[in-house]
Amino acid sequence: MSDRDYSEKRRTFLKTVGVTLGTVTGSKTRVAAETNATPSAEPDVWRGVRSGPSRRGTTHGRGPAPFPEIDWKMDLAGSMYDVEPLVADETVYLAATTENDPSNHEGYVGAYDSQTGDRQWKRSDLPAPKTPSLEDGTLYVATEEAETASTGKAGMYAIDADTGTTEWQVSSHTCATPVTANGIVYTATKSGAVAVDAETGEPVWQVDDVGGVAERAEGALSYTDGMVFFSDGTALDADTGSVEWEVDGNSIIGNNVAGDDFVYYIRTDYIDGEDDDVVVEARSMATGQLEWRHDVVDPNRWDGRLALADGHLFLLDSSNDSSIVKALDANTGTVAWTQTTHGELRSDPTVADGRVYVGGWYVPKSTMQAARALVYAFDVSTGRREWTYLLDDDGLETSPENPPAAGTPVVVDDKLYVATYPGESTLDYRYVDYSNFYALCSTNRQPDSNRRLPTDPPDDSDQCPALQASIDAVPALDSAELSAGDTLTLDASNSTGQQLAYKWDTNDDGRYDRFGSSVFVALPHTGSVTIQLQVSDRHDQRDTTTIELSPPE
């Protein structure tokens, strides 16, 4: 870490660096919060990227239980790829891109009744919008104009959440998705980090060459306890813009989550087309010092954002064949549990009411079956799969070349909201033409066969496979390439039963110390060690099995 000598000229007012401010209509009176503290989980609302300013991806809300079903759905007539819906006061706010070619970016922001999906208002005169931030009845929307365009429409908009009218606009060719806290809107432009008054749009401070908006993480930032953290590894005082610390070097650290003591960054090379590396770093909130680092062993195509809840970080290991949901201990970085899925997941995880929700799609091995968008729900503590739901696209347009995939789920007030997009398409027009939106509600009925994975048995004990624990070693124990000390993956995903939870005794001490459908263990150098697996189903029926590990002969 380096403490650079930042002079006062680095912190300049917006009006002196060519950023145009325009107050378009009257603004509302706000009462600033009395504290800089950020709660560990947001109330039962979703008000920005990863919800609140700390970007933890969690709320106190409750999702569909015990099972989901579709409440309503709609054609987006635009793309919400990498954009989250906002939900508050029985209203869903959607931001979608409708044109995304090199010379023209267009989009809309709209408000919809959360119970029916009926439109309340819609603004279609905006450039491509990013996920808004909702605070005190105002939506703060960062928009982006095409590189060759010069309409002056791009920048930050403050929009009345009840009427859709503009309160003020800050003009800038590109803005990062904003964070709002204590009456201030924090963002970043290509000039640097920016803070403006939430009520008026007037400048508070700007710090040049900070924020990383021109880089791959798009200026991702988070806030907690009076500090703002940017994707380039810089921490600023939220009140003054003074630099508190900066990570050595000028490389982008990545999307970040502000915890209680640490700031967690996730960096990936996948978006650069390089090594498919995903690395999680925990850094001291006070100093920026690296506290721990978690490297994903195998190539990982996931380039999303972390969730932080109940002392754990949640992320995905995603490849072309399958995905693993992973929970890390937030204090140490050690793996708490993993859960292998049948679908391919690319969304960000969302945590609510003791569950982790993720979206993606299921591509069946049989060409006779169509690929489908899906949503998973897992138990936060153990990784047990609670349910899987295949989205029904009847009556909606989907791409014949690229099956739909579900984006990041948002959970509020017993409902789950999620947008879909054409999975793995490389053509912009398909995202605009073939994206849809769903609201799922609670039901006591288990999903029927059309909405379950083909591998899921019905909830009928006569047709369910018997509960049986199974362990597979990867590579196989008789592999000629193994040596003492090598790391093995022990995989329990071939165990049978319904909605299984997994516990492992990896120390041969009679106590379960690991959770999830797979674990990493090292071959002993001498002697042998017995690994025990216990699986349990939703009725708490249990079965155990063991595997013995010894040094290769």
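Each residue is numbered by its place in its chain's sequence as written, counting from 1. The predicted nature of this model means local features are confined to residues of pLDDT at least 70 and side-chain atom pairs, given and counted, to a pLDDT of 80 or more, with totals for whole chains, interfaces and linings taken over all residues. Neither water nor hydrogens contribute to the side-chain values; these are computed over all heavy atoms in the structure.

Colleague: Whenever I open this one, the overall build of the protein chain confuses me. Can you help?
Modeller: Working definition: helices are DSSP H or I runs of at least four residues, strands are E runs of at least two. Numbering for both runs from the N terminus. Scanning the protein chain from terminus to terminus reveals one helix and 45 strands. The contacts of the protein chain with a sequence gap of at least 6 include a subset with a gap of at least 24, amounting to 55%. Calculation of accessible area relied on Shrake-Rupley with a 1.4 Å probe; when residues are assessed, cover is drawn exclusively from the protein chains displayed. As displayed, the protein chain offers around 22600 Å² of accessible surface, 43% of which is attributable to carbon and sulfur atoms. Two residues qualify as a contact provided that any one of their heavy atoms is within 4.5 Å of a heavy atom in the partner residue.

Colleague: What should I look at first to understand the pairing of strand E28 (residues 323-329) in this one?
Modeller: It is a general feature of regular strands that their side chains alternate between the two faces of the sheet. Along E28, five of the seven residues are buried, which leaves the element largely enclosed by surrounding structure. Strands are labelled as partners when DSSP assigns at least two bridges between them. Pairing geometry for strand E27 (residues 312-318) and E28, over seven bridges, is antiparallel. In the sheet register, Leu315 faces E28, and the bridge partner there is Lys326. As paired elements, E28 and strand E29 (residues 335-341) share six bridges and run antiparallel to each other. We call a residue buried when its accessible area falls under 20% of the maximum for its residue type, exposed when it is over 50%, and partly exposed in between, using a 1.4 Å probe and counting protein chains only.

Colleague: Just checking my understanding: could you explain the side chain of Asp392 for this structure?
Modeller: If you trace the backbone, Asp392 turns up in the loop between strand E34 (385-390) and strand E35 (404-406). Here Asp394 takes part through its backbone nitrogen, which lies 2.9 Å from a polar atom of the side chain of Asp392. The residues contacting Asp392, other than those within four sequence positions of it, are Ile70, Lys73, Arg372, Tyr438 and Arg451. What qualifies as a polar contact is a pair of N or O atoms within 3.5 Å, subject to a donor-acceptor requirement within protein and to the restriction that residues adjacent in sequence count only when both atoms come from side chains.

Colleague: Can you help me understand the sheet that holds strand E5 (residues 86-88) in this one?
Modeller: The strands that make up a sheet pair up through hydrogen bonds in the backbone, lying either parallel or antiparallel. As summarised here, the arrangement of the four strands in space is E5-E6-E7-E8, forming an open sheet in which the pairing is antiparallel. Bordering the open sheet on either side are E5 and strand E8 (119-126), each of which pairs with just one other strand. With strand direction ignored, the average angle separating the axes of adjacent strands in the sheet is 15°. With 10 bridges connecting them, strand E6 (residues 91-101) and strand E7 (residues 104-113) associate as antiparallel partners. Within E7, the position partnered with Leu94 by the bridge is Gly110. Simply put, an axis is a line fit to the C-alpha atoms, just over the touching stretch for a helix, and the angle between two N-to-C directions goes from 0 to 180 degrees.

Colleague: Please clarify how the sheet that holds strand E43 (residues 518-522) should be interpreted in this entry.
Modeller: If you trace the three strands from one edge of the open sheet to the other, you get E39-E40-E43, paired in antiparallel fashion. Only two strands of the sheet have a single partner each, and these edge strands are strand E39 (472-474) and E43. With strand direction ignored, the average angle separating the axes of adjacent strands in the sheet is 30°.

Colleague: Just to check I follow, could you spell out the confidence of the model for the protein chain for this structure?
Modeller: Detailed reading of the predicted coordinates is not advisable wherever pLDDT is low. Residue-level confidence of the predictor, termed pLDDT, takes values from 0 up to 100. Overall, the predicted model of the protein chain reaches an average pLDDT of 83, with 84% of residues at or above 70. The least confident element of the protein chain is strand E2 (residues 20-22), whose mean pLDDT is 37; the most confident is E5, at 96. Low pLDDT (under 50) marks residues 1-37, which in the prediction has 91 contacts with non-local residues, meaning those over four places away or in another chain.

Colleague: Quick question: what am I supposed to make of the nonpolar core here?
Modeller: Considering soluble globular proteins, one finds that nonpolar side chains tend to be buried as a cluster. Only buried Ala, Val, Leu, Ile, Met, Phe, Trp, Tyr and Cys residues count toward a nonpolar core, and they belong to the same one when joined by side-chain atoms within 4.5 Å. Within the largest apolar cluster, 36 residues are counted, with the highest numbers of intra-cluster contacts made by Tyr264, Val280, Trp292, Leu306, Leu313 and Phe314. Elements that contribute at least two residues to this core include exactly strand E23 (262-268), strand E24 (278-284), strand E26 (307-309), E27, E28, E29, strand E32 (355-362) and strand E33 (372-379). It is E27 that provides the largest number of residues to this core, a total of four residues. Not counting the four nearest positions on each side in its chain, Tyr264 is found in contact with Asn255, Asn256, Val257, Gly259, Glu281, Ala282, Trp292, Leu306, Leu308, Leu313 and Ala330.

Colleague: When you look at the packing of aromatic side chains in this model, what are you seeing that I'm missing?
Modeller: The criterion for an aromatic pair is that two Phe, Tyr or Trp rings (for Trp, the six-membered ring) have centres within 6.5 Å, with stacked assigned to planes under 30 degrees apart, edge-to-face to planes over 60 apart and tilted to the rest. A complete count under the given rule lists 15 aromatic pairs for this structure. Their ring planes at 40° and their centres at 6.0 Å tell us that Tyr140 and Trp168 sit as a pair that is tilted. Linking Tyr140 in strand E11 (residues 138-144) with Trp168 in strand E13 (residues 166-171), this pair joins segments that are 28 residues apart in sequence. Between the aromatic rings of Tyr417 and Phe437, the centroid separation amounts to 6.4 Å while the plane-to-plane angle is 15°, which identifies the pairing as stacked. Note that Tyr417 is positioned in strand E37 (residues 415-422) and Phe437 in strand E38 (residues 436-443), a separation of 20 residues in sequence. Residue Tyr417 shares its accessibility class with Phe437, and that shared class is buried. Chaining the aromatic ring pairs together yields one cluster made of Trp72, Tyr417 and Phe437.

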